[in-house]
Amino acid sequence: MVILRRWTAADAASIARFADNPKIAANLRDLFPSPYTREDAESYAAYCCGADESRELLRVIEVDGAAAGNVSLTLGGDVYRRSAELGYWLAEDFWGRGIMTEAVKEICRLGFERWAIVRIYAEPFARNAASRRVLEKAGFSLEGVMRAGVCKGGEILDYCMYSLLRTDRLPG
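Definitions and limits used
Residues numbered from 1 in each chain as written. Predicted model: local features only at pLDDT ≥ 70, side-chain atom pairs only at ≥ 80, totals over all residues. Heavy atoms only, no water. Helix = DSSP H or I, 4+ residues; strand = E, 2+ residues; numbered from the N terminus. Buried < 20%, exposed > 50% of the residue type's maximum accessible area, 1.4 Å probe, protein only. Contact = heavy atoms within 4.5 Å. Salt bridge = Lys/Arg side-chain N within 4 Å of Asp/Glu carboxyl O.

**Student:** Lay out the overall build of the protein chain with the relevant residues and their values.
**Tutor:** The helix and strand inventory of the protein chain stands at five helices and seven strands. The linear arrangement of helices and strands in the protein chain, starting from the amino end, is β-α-α-α-β-β-β-α-β-α-β-β. Over its C-alpha atoms, taken along the principal directions, the protein chain stretches across nearly 40 × 35 × 35 Å. For the protein chain, with 172 residues in total, the buried portion stands at 46%. Taking the intrachain contacts of the protein chain between residues at least 6 apart in sequence as the baseline, contacts between residues at least 24 apart amount to 63%.

Structure follows, in structure tokens:
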């Protein structure tokens with residue numbers, strides 16, 4: 001069973017242990033540190049605890065009583081104010097169990113309930129087949145591949161643009 005809940009300061013210990021994984025960092029933006037220290041986890045947990053929910057929905061993914069990852073929506077601004085960006089990661093121990101797909105569906109439901117948005121989008125690296133499968137199983141549509149769109153670890157990579165519209169039907 002997947003539980004999404006608000007962050008607490010106590011989540012830092014579990015998050016520091018799980019997030020310090022180069023396989024996770026390899027598929028996220030450079031803003032996600034690697035190595036991931038206890039101080040990084042404490043700082044992020046403090047940020048999440050004080051987040052303005054009118055702009056960001058930041059949730060711990062709790063699995064078997066432990067903070068095992070993060071899923072978030074960030075409201076766009078200016079001409080993007082009716083869209084929100086989805087972000088997520090999950091501890092490697094829990095990959096392949098459908099946990100992230102359920103977490104993504106739940107945060108999207110919450111975002112559409114809370115905000116007057118029409119679109120949620122995500123931008124996984126094209127090589128990240130597992131993340132792309134999560135989005136597709138959660139009802140997202142591939143809009144396109146942005147060729148040579150990002151630089152990660154000194155390598156130029158393609159990334160994908162996925163979206164879920166309010167008018168789309170969330171699976172399950």
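Next comes the rest of the write-up.
**Student:** Provide a residue-level description of the pattern of salt bridges, including the pertinent values.
**Tutor:** Under the counting rule described, the total for this entry stands at 15 salt bridges. Of the charged contacts in the structure, one is a salt bridge between Asp 11 and Arg 5, with a shortest N-O distance of 2.6 Å.

**Student:** Which residues make up the environment of Arg 147, and what are the values?
**Tutor:** With respect to the helices, strands and loops of the structure, Arg 147 is situated in strand β6 (residues 141-152). Note on Arg 147: relative accessible area 73%, which makes it exposed. Each C-alpha atom, one on Arg 147 and one on Arg 97, is 30 Å from the other, the two residues being 50 residues apart in sequence.

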